[in-house]
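Secondary and tertiary structure notes
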Amino acid sequence: MQIEQAIQNLPNKGFLDIPIDKNINLIDEINRLRKEKNVVILAHYYQVPEIQDIADFVGDSLALAQAAAKTDADMILFAGVHFMAETAKILNPDKKVLLPDLLAGCSLAESAPREKFEEFKKKHPNHLVVSYVNTSADIKALTDIVCTSSNAEKIIASIPKDQPIIFAPDKNLGAYLNKKTGRNMVLWDGACEVHEEFSVDKIMELKKEYPEAKIIAHPESRESVLNIADYIGSTSGLLNYVKTNDAPAFIIATEAGILHKMKQEAPDKILIPAPPLTDDTSCACAECPYMKRNTLEKIYLALKYELPEVQVEEELRKKALIPIQRMLELS
Ligand code: 13P
Ligand code: SF4
């Protein structure tokens, strides 16, 4: 009865709201279930540390899509946000893809609804569409090539210079890419609500405190933040920079979840999260509310009941698969 009620409530709640026996060891149970059901747990760098620590694989959007494309597990549990799990499902139609909380969305993906995007495309005939992976399957189905922040420059460089391009949905990443590649891509007006929030003034205050620190930023950040950055890159790019650069300290303008891996892989470095404009966070750092919807409890329930599951209608899936495959071939 409890499970039936919880399934009924799933669309509103996003997750299975079922009380968990306090006497069980959550991590032992997760490990038992994943083994029993041959599940691979894929986690993004923005997940909370305890989730990253139990994952089979932790990575950026591209590495996670690549891991999903080649897994031989029977089931995928995606500790990330909806578009990531949806991409995994598009690549694995015959596997169950579990997302611990269906309401783990993304402000960028939500900024581009299908009908408005169709109109936008009509206004720009003869344009090729390059979409950031942070989009719904609907938008991917209207896209020629998908990209992530790790491979965007390479993907754009593969397109003839005289071919006009629409870039969607992130205007900050798009503007950064226009600058880097000398293109004049038409940009969709979307933004990541987390990366838009970094404060240049607060970063510069920190820089006064740590003059030897390098400022590093994700390209979803605003131009004013990117202009003061010593290095700009995807989450894996930022991690690699911290590991390999000689500087003793780094001010990091991306979601604070990445600091967990950075601490593990560069334990001697001073890592300072860049603060957002509005200081209502307890950590004085930027946290993605969607990524942070996932918890160990929700992962346990998802593994136990094999819900919530991400579904993609077959005709849509086939269309959305083409630009994802193009990206994987070019990466
Ligand atoms: P990457 O991990 O690809 O850099 O993307 C960051 C992000 O915002 C994911 O939503
Ligand atoms: Fe989306 Fe931004 Fe959250 Fe990434 S950090 S999932 S782009 S809202």
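So, here's what we can say about the structure. Given the structure is predicted, the values throughout are model-derived calculations rather than measurements.

Helix and strand counts for the protein chain come out as 16 helices and 12 strands. Taken over the C-alpha trace, the protein chain has a radius of gyration of 20 Å; the compact-globule value for 331 residues is 20 Å, and the two agree within 12%. Put simply, the protein chain has 331 residues, and 55% of those count as buried. Here the analysis covers contacts within the protein chain between residues at least 6 apart in sequence; of these, 64% occur between residues at least 24 apart.

With that settled, consider the pairing of strand 11 (residues 249–253). Among the five residues in strand 11, five count as buried, and that is most of the element. Of the pairings in the sheet, the one linking strand 9 (residues 214–217) to strand 11 comprises four bridges and is parallel in character. Across the sheet, Ile216 pairs through a bridge with Ile252, a residue of strand 11. Of the pairings in the sheet, the one linking strand 11 to strand 12 (residues 270–273) comprises four bridges and is parallel in character. Each residue of the ladder has a partner; that of Ile252, found in strand 12, is Pro273.

Near ligand 1 you find 13 residues, and of these His44, Ser61, Ser149, His218 and Thr235 are the closest. Asn134 places a polar side-chain atom, nitrogen or oxygen, 3.3 Å from an oxygen atom of ligand 1. Glu220 places a side-chain nitrogen or oxygen 3.1 Å from an oxygen atom of ligand 1. Spatially, ligand 1 is embedded in the largest cavity.

Turning our attention to the state of the cysteines. Defined simply, a disulfide is a covalent bond joining two cysteines at their sulfur atoms. The tally for this structure, following the rule as stated, stands at one disulfide. Paired by a disulfide, Cys283 and Cys285 hold their sulfur atoms 2.0 Å apart. An S-S torsion of about -85 degrees defines the bridge between Cys283 and Cys285 as left-handed. On the accessibility criterion, Cys283 (31% relative accessible area) is partly exposed.

What follows covers the site of ligand 2. Contacts to ligand 2 come from Tyr46, Val81, Cys106, Ser107, Leu108, Asn134, Cys192, Val194, Glu220, Cys288, Tyr290 and Met291. Taken atom by atom, the bulk of ligand 2 overlaps the largest cavity. Among the residues making up the shell around ligand 2, the classes are represented as nine nonpolar, two polar and one charged.

Here we take up the packing of aromatic side chains. Within a pair of aromatic rings, the relevant descriptors are the distance that separates the centres and the angle that separates the planes. Inspection of every chain in the model, using the stated rule, returns five aromatic pairs. With centroids separated by 5.4 Å and ring planes inclined at 65 degrees, the aromatic side chains of Phe117 and Trp188 adopt a geometry described as edge-to-face. Residue Phe117 is located in helix 7 (residues 114–123), and its partner Trp188 is located in the loop between strand 8 (186–187) and helix 11 (200–209); the two are separated by 71 residues in the primary sequence. The burial state of Phe117 is the same as that of Trp188; both residues are buried. Where Tyr231 meets Tyr241, the ring centres are 4.5 Å apart and the plane angle is 5 degrees; that geometry is what we call stacked. Here Tyr231 is found in strand 10 (residues 231–232), whereas its partner Tyr241 is found in helix 13 (residues 235–244), with 10 residues between them in sequence. Residue Tyr231 is classed as partly exposed on the basis of its relative accessible area of 25%.

Time to look at helix 13. Thr235, Gly237, Leu238, Leu239, Tyr241 and Val242 are the residues of helix 13 that are buried. Against the buried residues of helix 13 lie strand 1 (39–44), strand 9, strand 10, strand 11, helix 14 (258–265) and strand 12.

Spatially, the four strands line up as an open sheet ordered 6-5-7-8, and their pairing is parallel. Each end of this open sheet is capped by a strand with a single partner; those strands are strand 6 (145–147) and strand 8. In terms of strand pairing, strand 5 (residues 128–132) meets strand 6 through three bridges, oriented parallel. Considered in strand 6, the bridge of Ser131 is made with Val146.

Criteria and thresholds
Residues numbered from 1 in each chain as written. Chains lettered and ligands numbered in written order. Predicted model: local features only at pLDDT ≥ 70, side-chain atom pairs only at ≥ 80, totals over all residues. Heavy atoms only, no water. Helix = DSSP H or I, 4+ residues; strand = E, 2+ residues; numbered from the N terminus. Rg over C-alpha atoms; globule rule 2.2 N^0.38 Å. Buried < 20%, exposed > 50% of the residue type's maximum accessible area, 1.4 Å probe, protein only. Contact = heavy atoms within 4.5 Å. Pairing = 2+ DSSP bridges. Near = heavy atom within 4 Å. Polar contact = N/O pair within 3.5 Å; in protein donor to acceptor, adjacent residues only side chain to side chain. 1 Å grid on protein atoms, 1.4 Å probe; cavity = no way out; pocket = protein on both sides within 12 Å on 5 of 7 lines; lining within 4 Å. Sits in = over half its atoms within 2 Å of the grid points. Disulfide = S-S within 2.5 Å. Nonpolar A, V, L, I, M, F, W, Y, C, P; charged D, E, K, R; others polar. Phe/Tyr/Trp six-rings, centres within 6.5 Å; stacked < 30°, edge-to-face > 60°.

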